[in-house]
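Observations on the model geometry
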Amino acid sequence: MNLTRRQWIKTGAQLTAASMLPWSLWADQPQVPHINIQARETTASWLAAPTPIWAYNQPKLTLQQGVMQTIRVTNHLPEPTTIHWHGVRVGNAMDGVSGLTQAPIEPGASFDYQIMSPDAGTFWFHSHHNTIEQLARGLYGALVVSGNDEPHFERDWSLLIDDWNLSRNGRIDPVFANRHNQSHAGRMGNFLTINHHAGPWQGQANAGERIRLRLINTSTNRILQLHAQFPGALWLAKDGQPLTIPEPIPEVIILGPGERWDLGWIAREEGQLLEVSGADSLLVGQVEVNPVENTDVPAFPDAMALPSNPMSPLSASVNQRVPVILEGGAMGRLQTAQYLEESHSFRELAAKGQFWAISGQTGMPEEPLFRARQGESVELVLDNRTAFPHTMHWHGHHVWANGRWQDSLTLLRGQKQSVRLVAGNPGKWLIHCHMIDHQATGMMTWFEVA
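Residues numbered from 1 in each chain as written. Predicted model: local features only at pLDDT ≥ 70, side-chain atom pairs only at ≥ 80, totals over all residues. Heavy atoms only, no water.

1. Structural notes on the overall build of the protein
Each helix and strand in the protein was counted, giving 4 helices and 33 strands. In terms of overall dimensions, the protein is globule-like: its C-alpha atoms have a radius of gyration of 21 Å, near the 22 Å expected for 450 residues. Among the 450 residues that make up the protein, the fraction classed as buried is 58%. Surface summary for the protein: the accessible area is close to 18,500 Å², and the carbon and sulfur share equals 49%. Each charge class in the protein was averaged separately, 32 positive and 41 negative side chains, and the resulting centres sit 7 Å apart. (Helix = DSSP H or I, 4+ residues; strand = E, 2+ residues; numbered from the N terminus. Rg over C-alpha atoms; globule rule 2.2 N^0.38 Å. Buried < 20%, exposed > 50% of the residue type's maximum accessible area, 1.4 Å probe, protein only. Areas by Shrake-Rupley, 256 points an atom, 1.4 Å probe, with all protein chains shown as cover. Lys, Arg positive; Asp, Glu negative; His and termini not counted. Charge placed at Lys NZ, Arg CZ, Asp CG, Glu CD.)

In structure tokens:
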């Protein structure tokens with residue numbers, strides 16, 4: 001993402017992640033071996049001819065809750081890159097936003113991220129530099145943070161669901177910045193993968209085994225509509241944060257880009273996961289269940305509920321209320337907005353490749369949407385005035401919405417909703433639509449915690 005000079009934070013002046021820990025966990029940190037991640041060019045064997053993609057050498061990381069981990073990222077790509085730890089409440093200097101929290105990692109160079117997650121749960125990591133292209137080329141992976149007191153699951157599967165826009169020759173369509181797509185719902189794919197493999201995904205379990213399914217939407221723009229045919233399954237967590245009480249799964253799971261759902265299931269009979277947004281259902285994955293003699297398959301036990309994470313409690317009062325008005329796009333009513341500190345008409349903005357705005361600002365503004373002190377309670381009044389849905393994502397924070405904590409929230413066309421945020425680690429934090437075409441063309445802003 002391109003920012004103005006004043007918004008760059010010099011690397012030498014950055015605070016270390018250790019100084020930003022939400023709890024006093026630094027002094028007694030155990031020695032943990034470094035993790036080495038390489039961002040590189042590779043190929044995928046999906047079709048008759050190999051498909052060139054970009055990927056990490058480690059598509060899944062497992063960290064331990066509350067333990068500091070050094071992750072060295074080496075860039076073997078032909079352009080700069082970064083990694084953002086989506087949903088993890090890291091120190092601001094480790095958030096991986098090119099230009100806002102760090103200078104990008106140049107080709108051939110490395111950067112050491114100091115990552116400590118206070119939360120156990122399902123997260124993911126992805127590039128946050130030239131995201132419109134790098135994410136679409138495959139730069140993402142699953143991030144599982146294990147807790148000490150979590151219940152045991154015989155099967156624990158992470159499913160990173162993605163749609164790729166492939167041309168007839170099996171290569172990724174190289175036109176990433178299509179103005180028609182950007183002013184509408186964004187670039188959509190035509191080829192399904194699960195964990196970078198051609199779908200559908202297949203799993204095997206024995207009758208009576210406890211299964212945890214971690215569903216992660218890594219698409220650049222597509223909102224998935226999933227129908228989970230797992231008899232008796234319950235919803236355990238959203239965006240890495242456990243539900244207070246596991247809930248029945250809705251008929252259709254709305255999973256916007258960047259959102260995650262954890263499902264718990266006792267294997268009884270074959271289960272399927274379907275994508276149902278189109279005229280015909282598409283099989284995403286299925287679990288075959290092997291019968292076991294003399295096995296009494298139990299009902300869903302309370303012991304499978306996940307322990308809560310150390311989230312800051314919501315106060316009874318609100319320190320400030322902030323309108324977050326989403327405007328623009330095709331068939332929208334945006335008349336004017338500020339871009340590079342000047343007012344422009346929508347026609348002028350479109351000529352500059354800017355189609356979307358947050359509260360009258362398009363592109364990254366000089367001033368934050370709001371400032372808050374650590375621990376303050378902020379009510380964000382979301383108002384989607386566009387003709388399209390948007391999945392809003394808060395960096396370094398979760399918001400309280402619909403009775404649960406979540407770091408990404410899908411707003412439907414015309415929807416209004418108030419959410420609560422407790423200001424956490426100090427620093428500059430991004431807010432943006434995780435439809436990456438919308439982010440790249442204006443729908444992003446930031447807030448500052450002092």
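2. Points about the nonpolar core
One finds Phe370, Leu380, Leu382, Met392, Trp394 and Val419 to be the most contacted residues of the largest nonpolar core, which totals 32 residues. Contact partners of Trp394, with chain neighbours within four places excluded, come to Leu380, Leu382, Val399, Asp407, Ser408, Leu409, Val419, Leu421, Leu430 and Ile431. (Core = buried A, V, L, I, M, F, W, Y, C linked by side-chain atoms within 4.5 Å. Contact = heavy atoms within 4.5 Å.)

3. Examining the sheet that holds strand E33 (residues 444-449)
Strand order in the open sheet made by the 5 strands is E25-E33-E32-E27-E30, with mixed pairing throughout. Lying at the two open borders of the sheet, with one neighbouring strand each, are strand E25 (371-372) and strand E30 (408-411). Inspection of the sheet shows strand E27 (residues 390-394) paired to E30 by 4 bridges, in the antiparallel sense. Residue pairing for E30: His390 is matched across the bridge by Leu411. (Pairing = 2+ DSSP bridges.)

4. Re the environment of Leu326
Summarising the element assignment, Leu326 is placed in strand E21 (residues 320-328). Between the C-alpha atom of Leu326 and that of Trp356, which follows or precedes it by 30 residues, the distance is 7.5 Å. Residues in contact with Leu326, not counting those within four places in the same chain, are Ala357, Ile358, Asp383, Asn384, Arg385, Thr386, His390, Met392, Leu411 and Met443.

5. Some points on the environment of Thr193
With respect to the helices and strands, Thr193 occurs in strand E10 (residues 191-194). Sequence separation between Thr193 and Met364 is 171 residues, and the spatial gap between their C-alpha atoms is 32 Å. If near-sequence neighbours (up to four positions away) are discounted, Thr193 is found in contact with Trp46, Tyr140, Leu160, Ile161, Asp162, Trp164, Ala198 and Gly199. Only 2.7 Å separates the side chain of Thr193 from the side chain of Trp164, close enough to count as a polar contact. (Polar contact = N/O pair within 3.5 Å; in protein donor to acceptor, adjacent residues only side chain to side chain.)

6. Looking at the sheet that holds strand E31 (residues 416-422)
The mixed open sheet is built from 6 strands, whose spatial order is E24-E21-E26-E31-E28-E29. Each of the sheet's edge strands pairs with one partner strand only, and the pair in question is strand E24 (356-358) and strand E29 (404-406). When the angles between neighbouring strand axes are averaged without regard to direction, this sheet yields 30°. Examined bridge by bridge, E21 and E24 share 3 bridges and lie antiparallel to one another. Each residue of the ladder has a partner; that of Leu326, found in E24, is Ile358. (Axes fitted to C-alpha atoms, helices over the stretch in contact; angles between N-to-C directions.)

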